[in-house]
Amino acid sequence: MILITGATGTNGLELIKLLSARQMPARAMVRSAASAKAIADLPGIEPVIGDFDDLASIERVLDRVEQAFLLTNSSERAQAQQIGFVEQARRAGVKHIVKLSQFAADANSPVRFLRYHAVVERAIETSGIAYTFLRPNLFMQGLLAFRASIQAQGRFFAAAGDARVSVVDVRDNAAAAAAALTEPGHEGKVYDLTGPEALTHAEMAAALSEALGRRITYVDVPPEGMRDALLGAGFPQWQADGLIEDYAHYRRNEASMITTGVEDATGKPPRDFATFLRDYASGFSATD
């Protein structure tokens, strides 16, 4: 049995759609019956209710599970939640954990997200459970978070400067996860997942302009301005501060490396940014 956590998030949903389309049965962990309804129509996918903060529910969810995909929301609880899951998985006899980590995960990083991912990776390594770590770079689909200002103003704002980032399509993350969960030979592997090119945010804006047929501009803002905007949009303080650290990481050109991770994991080259825009252009339209 395969278990997918984070099943209704950006990456998890792409993964369960892919498994369903390939007729690979899986159990999808959700937090509520309402969330379960969103995936109930996917053939071969069994929604189950579980909460990372309720270890008894995790124990039930893990019954008969041999392969698990580990993903939680990024919050101040993420490290503890994931380590708790790993311990429950060890007790349940799970044979393989595929963890969605982050590009450049490092316990000594100044970026809190990169630190907690590295700590959890280490916990999995010492658990004795076979593992595969997927470390994606900034998601192409993350650009959709800016669509309100793109629609209304033809602009989007971030504190990335002119740094290059080898952005990756979440569909390639999902393909790598599906391969690791269903094929032999991925145990003990760490895959850095990037797209085939490293782009500045200004270059992303230019490509978006071409895709939409109207001018879209990237506006570089100071970190303090981006933090205020994130807080104003309802982001929790911990997550907003973490995103500012993330963007400082990008600004230092620490996320520009292009890797072969997607092809190594899936046997196929990663999608480029033009393909993402072609497939998601309607998501940026004013009538969306």
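This text goes with the structure placed above it.
This one's a predicted model, so the numbers in the text were calculated from it and none came from an experiment.

Draft legend 1. Fine view of helix α8 (residues 201–212). In this model α8 runs 16 Å from its N-terminal to its C-terminal C-alpha over 12 residues, within 8% of the 16 Å that 1.5 Å per residue would give. Tucked inside the fold, the buried residues of α8 contact α6 (147–153), β7 (155–158), β9 (217–220), α10 (237–251) and α12 (273–280). Immediately beyond the C-terminal end of α8, within one or two residues, lies G213, with a positive phi of roughly 75 degrees.

Draft legend 2. Spatial organisation of the packing of aromatic side chains. The full count for this structure, using the stated rule, is nine aromatic pairs. Between F113 and W238, the aromatic rings sit 5.5 Å apart at their centres with planes inclined by 55 degrees, giving tilted as the arrangement. Of this pair, F113 sits in helix α5 (residues 112–127) while W238 sits in helix α10; the two residues are 125 residues apart in sequence, bridging distant segments of the chain. With a relative accessible area of 4%, F113 lands in the buried category. Ring geometry for F276 versus F284: centroids 6.5 Å apart, planes at 85 degrees, classification edge-to-face. A residue is classified by how much of its surface remains accessible, and F276, at 0% relative accessible area, is buried.

Draft legend 3. Examining the packing of helix α4 (residues 78–92) against α5 more closely. For the pair α4 and α5, the least separation of the axes is 9 Å and the interaxial angle reads 10 degrees. Taken together, the axis directions place α4 and α5 in an arrangement best described as roughly parallel. For the pair α4 and α5, the contacting residues are A78, Q79, Q82, I83, V86 and R90 in the first and Y116, V119, V120, A123, I124 and S127 in the second. Of the residues assigned to the contact of α4 with α5, the class counts are eight nonpolar, three polar and one charged.

Draft legend 4. Region of interest: unusual backbone geometry. One non-glycine residue, R64, lies in the positive phi region at around 70 degrees. Its place among the elements puts R64 in the loop between α3 (55–61) and β4 (67–70). Judged by its relative accessible area of 56%, R64 is exposed. At A104, a position not held by glycine, the phi torsion is positive, near 75 degrees. Note on placement: A104 falls in the loop between β5 (96–100) and α5. Residue class for A104 comes out partly exposed when judged on its relative accessible area of 29%.

Draft legend 5. How the structure looks around the packing of α5 against α10. Look at α5 against α10: their axes get within 8 Å of each other, and the N-to-C directions meet at 95 degrees. The angle between α5 and α10 falls in the class roughly perpendicular. Along its contact with α5, which presents R112, F113, L114 and Y116, the element α10 presents W238, Q239, D241, G242, L243, E245, D246 and H249. Split by residue class, the contact of α5 with α10 holds five nonpolar, three polar and four charged.

Draft legend 6. Structural view of the side chain of T200. Along the polypeptide, T200 turns up in the loop between β8 (189–193) and α8. Under the relative-accessibility criterion, T200 is labelled buried at 9%. For T200, the side chain forms a polar contact with the main-chain nitrogen of E203, separated by 3.0 Å. With residues near it in sequence (within four places) discarded, T200 still touches D162, A163 and R164.

About the criteria used
- Residues numbered from 1 in each chain as written.
- Predicted model: local features only at pLDDT ≥ 70, side-chain atom pairs only at ≥ 80, totals over all residues.
- Heavy atoms only, no water.
- Helix = DSSP H or I, 4+ residues; strand = E, 2+ residues; numbered from the N terminus.
- Expected span 1.5 Å × (residues − 1).
- Contact = heavy atoms within 4.5 Å.
- Phe/Tyr/Trp six-rings, centres within 6.5 Å; stacked < 30°, edge-to-face > 60°.
- Buried < 20%, exposed > 50% of the residue type's maximum accessible area, 1.4 Å probe, protein only.
- Axes fitted to C-alpha atoms, helices over the stretch in contact; angles between N-to-C directions.
- Parallel < 35°, antiparallel > 145°, perpendicular 65-115°, else oblique.
- Nonpolar A, V, L, I, M, F, W, Y, C, P; charged D, E, K, R; others polar.
- Polar contact = N/O pair within 3.5 Å; in protein donor to acceptor, adjacent residues only side chain to side chain.

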